Amino acid sequence: MTTLTKNVVIIDIGISNVGSVKRAIKKIGFEGIISKKNVDIDKSTHLILPGVGSFNNGMKNLRKNELEKTIRFNVINKNKPILGICLGMHLLANYGYENEKTKGLCLIDGEVKELSNKKLRLPHMGWNSVDYKKNDLFENINNNKDFYFVHRFEFKPYDNSIIYGYTNYGSNFASVIKKKNIYGVQFHPEKSMQNGLQILENFISLNAQN
């Protein structure tokens, strides 16, 4: 079996923790590049859309750099795997309501709204467990299901069948989503120690889906 060269592009939207994602990828033996250039996205085999910041500013920066159409083309037409992390997961949705209603990348049908539980402190920050069903991202994950979260908004898909993991913070929210070659995690794998590194390795091991 031929081993494909992995060309991992970490999409830089100007408000994300791209450096920590790149360092995490290097720990597992891959060289990711940080870029906001369409040509790099076109040459990629894997796309990572990391995130720290607001939905409206994230989409504003993607559109400012004319990345929206390029991302959609590479994911939909070329079937390249994409992993959205935290805000990056949110940007996969149709709409987000942080600060103002903003149209997202429309890669997975759904909306992003503030966490529904008002009794607990926001943002939801720290280690929490993920109750997941079998999927490609969670191969070889050990019995410790804890991952690191920092967020106050959640992805609410229109179709719950694309939810592959839930986390409870007063109430359940989607912490892992998957639709064909499109993946999203609410937690930060780059900050989740060995389990997080395994998630990234599993993602980069994926091939484009036909």
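Let us look at the structure shown here. Being a predicted model, the structure only gives us computed values, none of them experimental.

1. So, the side chain of Gln186
Now for step 1: Turning to its location among the elements, Gln186 is positioned in the loop between strand S14 (182-185) and helix H6 (193-204).
Now for step 2: What makes Gln186 buried here is its relative accessible area of 0%.
Now for step 3: Contacts of Gln186, omitting those with residues within four sequence positions, involve Cys86, Met89, His90, Phe149, His151, Phe153, Glu154, Phe155, Phe173, Ala174 and Ser175.

2. Regarding helix H4 (residues 68-77)
Since the α-helix turns once every 3.6 residues, residues separated by three or four places project in the same direction.
Now for step 1: All buried positions along H4 are accounted for by Glu68, Thr70, Ile71, Asn74 and Val75.
Now for step 2: On the buried face of H4, the contacting elements are strand S1 (8-11), helix H2 (38-43), strand S3 (46-49), helix H3 (55-64), strand S4 (82-85) and S14.
Now for step 3: Asn79 occupies a position one or two residues after H4 and carries a positive phi of about 60°.

3. A look at the state of the cysteines
Now for step 1: In total, this model carries 0 disulfides according to the counting rule given.
Now for step 2: Distance from the sulfur of Cys86, which forms no disulfide, to the nearest cysteine sulfur (Cys106) is 19 Å.

4. Some remarks on the sheet that holds strand S5 (residues 95-96)
Now for step 1: What the 4 strands build is an open sheet, ordered S6-S5-S7-S11; its pairing is mixed. Two strands close off the open sheet at either side, each with one partner strand: strand S6 (102-103) and strand S11 (153-157).
Now for step 2: Both S5 and S6 contribute to a ladder of 2 bridges, which runs antiparallel. Note that in S6 the partner of Gly96 across the bridge is Thr102.

5. Things to note about the sheet that holds S14
Now for step 1: Pairing in this open sheet of 8 strands is mixed, and the strands run S2-S1-S3-S4-S14-S13-S12-S9 from one edge to the other. A single partner strand is all that each edge strand has here, and the edge strands are strand S2 (33-35) and strand S9 (131-132).
Now for step 2: As defined by bridge partners, S1 adjoins S2 across 3 bridges and the pair is classed as parallel. Bridging across to S2, Val9 finds its partner in Ile33.

Here is what the cut-offs are and how they apply
Residues numbered from 1 in each chain as written. Predicted model: local features only at pLDDT ≥ 70, side-chain atom pairs only at ≥ 80, totals over all residues. Heavy atoms only, no water. Helix = DSSP H or I, 4+ residues; strand = E, 2+ residues; numbered from the N terminus. Buried < 20%, exposed > 50% of the residue type's maximum accessible area, 1.4 Å probe, protein only. Contact = heavy atoms within 4.5 Å. Disulfide = S-S within 2.5 Å. Pairing = 2+ DSSP bridges.

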